[in-house]
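Coordinate inspection notes
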Amino acid sequence: MRILIVEDEPTLGQQLKSTLEGAGYAVDLSTDGEDGHFMGSTENYDAVILDLGLPEIDGLTVLDRWRREGRKFPVLVLTARDSWSDKVAGLDAGADDYLAKPFQTEELIARLRALIRRASGNASSELTAGDVRLDTRSGRVTLNGEPVKLTAQEYKLLSYLMHHKGKVVSRTELIEHIYDQDFDRDSNTIEVFVTRIRKKLGQDVISTIRGLGYSLEEPRG
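Residues numbered from 1 in each chain as written. Predicted model: local features only at pLDDT ≥ 70, side-chain atom pairs only at ≥ 80, totals over all residues. Heavy atoms only, no water.

By the naming in an unreviewed UniProt entry, the protein goes by Response regulator transcription factor and is assigned to Sphingorhabdus buctiana.

Here is the structure:
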């Protein structure tokens, strides 16, 4: 899952980036509204953390522009403002959730997980596909109840496919959502990760749709 943070406080921005990367997310960081708006308009993200008090262009304007442009990713508004009018303004502009500073990073990550689950149509924090289970809270993957150890990139790829179970996902889409902006993106690595996941979870867990991409579906019968 790929996250955009738009936060003008350098220390907080870097702390959030490091924390989310440690939780298994690919993260891009922007420090002003103009750059943040551009990144959100031109890159594909699974969720955005957006500060309201930004230089260049304020967060509410950025959010309103994204929504007018048809950008539908979930947005968690993060701000020092704690008045009810600011909350209403953020939600009316198209925010999906609101968190006031100071906050606990555990709460931010939990809210982020929930936003991503809801956006992909998953209500539970535990995603399943046959005998495979992925707990988005702990990052634990099991097969028939037994824990399976995945690398960070294998986990990201499996998590994205499980969040979009039943849909065909192209290599390009996977690359855009499991790597951050600065990563050297090579489509051949996707096939390597898929092969490794199949060895660990079973050959049928991920289907190759020739010419289109990959799909993870509930086993039949």
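And the narrative resumes.
Some details on the overall build of the protein
In terms of helices and strands, the protein carries eight helices and twelve strands. The C-alpha atoms of the protein give 18 Å as radius of gyration, which agrees with the globular expectation for 221 residues (17 Å, within 12%). Taking the principal axes of its C-alpha atoms as reference, the protein extends roughly 50 × 30 × 30 Å. Taken across its 221 residues, the protein has 49% of its residues classed as buried. Within the protein, counting contacts between residues at least 6 apart in sequence, those at least 24 apart form 59% of the total. Accessible area for the protein stands at about 11,000 Å²; split by element, carbon and sulfur atoms hold 46% of it. Each charge sign in the protein was given a centre, from 29 positive and 37 negative side chains, and these centres are 7 Å apart. (Helix = DSSP H or I, 4+ residues; strand = E, 2+ residues; numbered from the N terminus. Rg over C-alpha atoms; globule rule 2.2 N^0.38 Å. Buried < 20%, exposed > 50% of the residue type's maximum accessible area, 1.4 Å probe, protein only. Contact = heavy atoms within 4.5 Å. Areas by Shrake-Rupley, 256 points an atom, 1.4 Å probe, with all protein chains shown as cover. Lys, Arg positive; Asp, Glu negative; His and termini not counted. Charge placed at Lys NZ, Arg CZ, Asp CG, Glu CD.)

With respect to the environment of Asp46
Position of Asp46 relative to the elements: it lies in the loop between helix H2 (33-42) and strand S3 (47-51). Beyond its immediate chain neighbours, meaning those up to four positions away, Asp46 contacts Met1, Arg2, Phe73, Pro74, Ile116, Tyr160 and His177. A distance of 2.7 Å separates the side chain of Asp46 from the backbone nitrogen of Arg2, its partner in a polar contact. Reaching out from Asp46, the side chain makes a polar contact with the side chain of His177 at a distance of 2.9 Å. (Polar contact = N/O pair within 3.5 Å; in protein donor to acceptor, adjacent residues only side chain to side chain.)

Describing helix H1 (residues 10-22)
The periodicity of an α-helix, 3.6 residues per turn, causes residues three or four positions apart to be oriented the same way. Counted at 1.5 Å a residue, the expected span for H1 with its 13 residues is 18 Å, and the 18 Å between its end C-alpha atoms agrees. By the burial criterion, the buried members of H1 are Leu12, Gly13, Leu16, Lys17 and Leu20. Down the axis of H1, the sector holding all buried residues measures 135°, keeping them to one side. Set apart from the buried face of H1 by more than 90 degrees, the exposed residues are Pro10, Thr11 and Gly22. Close packing links the buried residues of H1 with strand S1 (2-6), strand S2 (26-30), S3, strand S4 (75-79) and helix H5 (105-119). Following H1 by one or two positions, Gly24 adopts a phi angle in the positive range, close to 100°. (Expected span 1.5 Å × (residues − 1). Arc of directions from axis to C-beta.)

Section: the pairing of S3
Judged by how many residues are buried, S3 sits mostly within the fold: five of five residues are covered. Burial of the side chains of S3 extends over both faces: Ala47, Ile49 and Asp51 are buried on one face and Val48 and Leu50 on the other. Bridge count for S1 against S3 is four bridges, and the pairing is parallel. In the sheet register, Leu4 faces S3, and the bridge partner there is Val48. (Pairing = 2+ DSSP bridges.)

Section: the pairing of strand S7 (residues 132-135)
Bridge count between strand S6 (residues 126-129) and S7: four bridges; the pairing is antiparallel. By the bridge assignment, Thr128 is partnered in S7 with Arg133. Two successive antiparallel strands, S6 and S7, enclose a turn made up of two residues, where Gly130 displays a positive phi of approximately 65°. Bridge count for S7 against strand S8 (residues 140-143) is four bridges, and the pairing is antiparallel. Across the sheet, the residue bridging to Val132 is Leu143, located in S8. Hairpin connection between S7 and S8: a loop of four residues separates the two successive antiparallel strands, and Gly139 in this loop has a positive phi of roughly 75°.

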